[in-house]
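Observations on the model geometry
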Amino acid sequence: MGEKNKSNTISITRLYDSPVATVWDAWTDPIQVAQWWGPRGFTLTTHGKDLRPGGYWSYTMHGPGGVDYQNKTLYLEVEKYTKLVYDHGGNDDRPALFRVTVLFSDVKGKTKMDMTMTLPSPEAADETRKLIKKAGGDSTWDRLAEYLEAKSAGFAP
C-alpha cells in the first residue's frame, strides 16, 4: 500500500491481467463481488445494490470469528468502466468513515486500478492503515486477482 507521511489519504494501485470490463463487472455485480470482497476468511452477503449516483450498496461482511460487519456504501459518481466514487464504512446507524475513488484504466489489455481512500485527518488515515493491516485487508486485492484468474479459466461466476 503506497502512502505519504502525514497524509489523510491511502492509495492502492494494482494491475490486473484482465480487461477493464471484466474487472468492472467483478466490482459491480453482487454475485461476483461476493467471491472476493474483504480480507481472507471473510464472506459477504449483499442485501441490495443500486449502482448509480445517489444509489447504494448494502451488505454484511461476515468475519471468520463470527462477527458481522454491516456496511452501506453510498455512490456519488458512477462512470461505467472508468470510475467509482463512494462513501464507505457507514451503515444506517453510523456515518461513512471515508470517501473512496477508484479509477479503472486499460493498459495493453490489462486493467490498472488506482484507488484512493480519503479520510477526515492524517490521524484517521493512520488508524485505518492499522486496521487494514490487522484485518489483512490488503489480501482483498490479492483475492480479486485470484478471482479474475479463476474467471478467465472458466472456474468462477
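Computed from a predicted structure; not experimentally measured.

Here is what the cut-offs are and how they apply
Residues numbered from 1 in each chain as written. Predicted model: local features only at pLDDT ≥ 70, side-chain atom pairs only at ≥ 80, totals over all residues. Heavy atoms only, no water. Axes fitted to C-alpha atoms, helices over the stretch in contact; angles between N-to-C directions. Helix = DSSP H or I, 4+ residues; strand = E, 2+ residues; numbered from the N terminus. Parallel < 35°, antiparallel > 145°, perpendicular 65-115°, else oblique. Left-handed = near helix turned anticlockwise from the far one by under 90°. Contact = heavy atoms within 4.5 Å. Nonpolar A, V, L, I, M, F, W, Y, C, P; charged D, E, K, R; others polar. Pairing = 2+ DSSP bridges. pLDDT = per-residue confidence, 0-100. Phe/Tyr/Trp six-rings, centres within 6.5 Å; stacked < 30°, edge-to-face > 60°. Lys NZ or Arg CZ within 6 Å of the ring centre and 35° of its normal. Salt bridge = Lys/Arg side-chain N within 4 Å of Asp/Glu carboxyl O. Buried < 20%, exposed > 50% of the residue type's maximum accessible area, 1.4 Å probe, protein only.

Re the packing of helix 1 (residues 20-28) against helix 4 (residues 139-152)
One can describe the packing of helix 1 onto helix 4 by two numbers: an axis separation of 11 Å at closest approach and a directional angle of 120°. Between helix 1 and helix 4, the interaxial angle falls into the category oblique. Viewed along their axes, helix 1 and helix 4 form a crossing whose handedness is right-handed. In this structure, helix 1 contributes Thr22, Val23, Ala26 and Trp27 to the contact, and helix 4 contributes Trp141, Leu144, Tyr147, Leu148 and Lys151. Partitioned by chemical class, the residues of the contact of helix 1 with helix 4 number seven nonpolar, one polar and one charged.

Quick look at the pairing of strand 4 (residues 68-79)
Pairing between strand 3 (residues 56-62) and strand 4: seven bridges, direction antiparallel. Along strand 4, the bridge assignment pairs Tyr59 with Asn71. Linking two consecutive strands that pair antiparallel, namely strand 3 and strand 4, is a turn of five residues; a positive phi of about 90° is found at Gly66 within it. Taken together, the six bridges between strand 4 and strand 5 (residues 83-90) define a ladder with antiparallel strand orientation. Each bridged residue has a counterpart across the sheet, and for Glu79 the counterpart in strand 5 is Lys83.

Concerning the sheet that holds strand 5
The seven strands lie next to each other as 1-7-6-5-4-3-2, forming an open sheet whose pairing is antiparallel. On the outer flanks of this sheet lie strand 1 (9-16) and strand 2 (43-49), each paired with one strand and no other. Put simply, the sheet's adjacent strands are angled 20° from each other on average, direction ignored. Lying over the sheet, helix 3 (residues 122-135) contacts strand 1, strand 6 (98-107) and strand 7 (110-118), oriented at roughly 45° with respect to strand 1. Packing of helix 4 onto the sheet brings it into contact with strand 1 and strand 7, and relative to strand 1 it is tilted by some 20°.

Description of the confidence of the model for the protein
Summarising the model, the protein shows a mean pLDDT of 92, and 97% of its residues fall at 70 or more. Per-element confidence in the protein is highest for helix 1, whose mean pLDDT is 98, and lowest for helix 3, whose mean pLDDT is 88.

Some details on the packing of aromatic side chains
The way to describe two aromatic rings as a pair is by their centre distance and the angle between their planes. One pass over the full model with this rule turns up 14 aromatic pairs. An aromatic cluster is present here, built from Trp24, Trp27, Trp36, Trp37, Trp57, Tyr59, Tyr81, Phe104 and Trp141 joined pairwise through their rings. Residue placement shows Lys49 over the ring face of Trp57; its charged tip is 4.3 Å from the ring centre. Over the aromatic face of Tyr56 sits the side chain of Lys72, whose NZ or CZ is 5.3 Å from the ring centroid.

Structural notes on the pattern of salt bridges
When their charged atoms lie close together, side chains carrying opposite charge are able to pair. As enumerated under the stated definition, the model contains nine salt bridges in all. Of the charged contacts, one joins Arg99 and Asp87 as a salt bridge, the two residues approaching to 2.7 Å between their closest N and O atoms. Of this pair, Arg99 sits in strand 6 while Asp87 sits in strand 5, and the two are 12 residues apart along the sequence. Between Asp126 and Arg129 there is a salt bridge, with its nearest N and O atoms 2.7 Å apart.

With respect to unusual backbone geometry
Unlike most non-glycine residues, Tyr81 shows phi in positive territory, near 70°. For Tyr81, a relative accessible area of 33% translates into the label partly exposed. If you check the backbone angles, Lys108 has positive phi at about 55° while not being a glycine. One can find Lys108 in the loop between strand 6 and strand 7. Accessibility expressed as a relative area gives 82% for Lys108, which makes it exposed.

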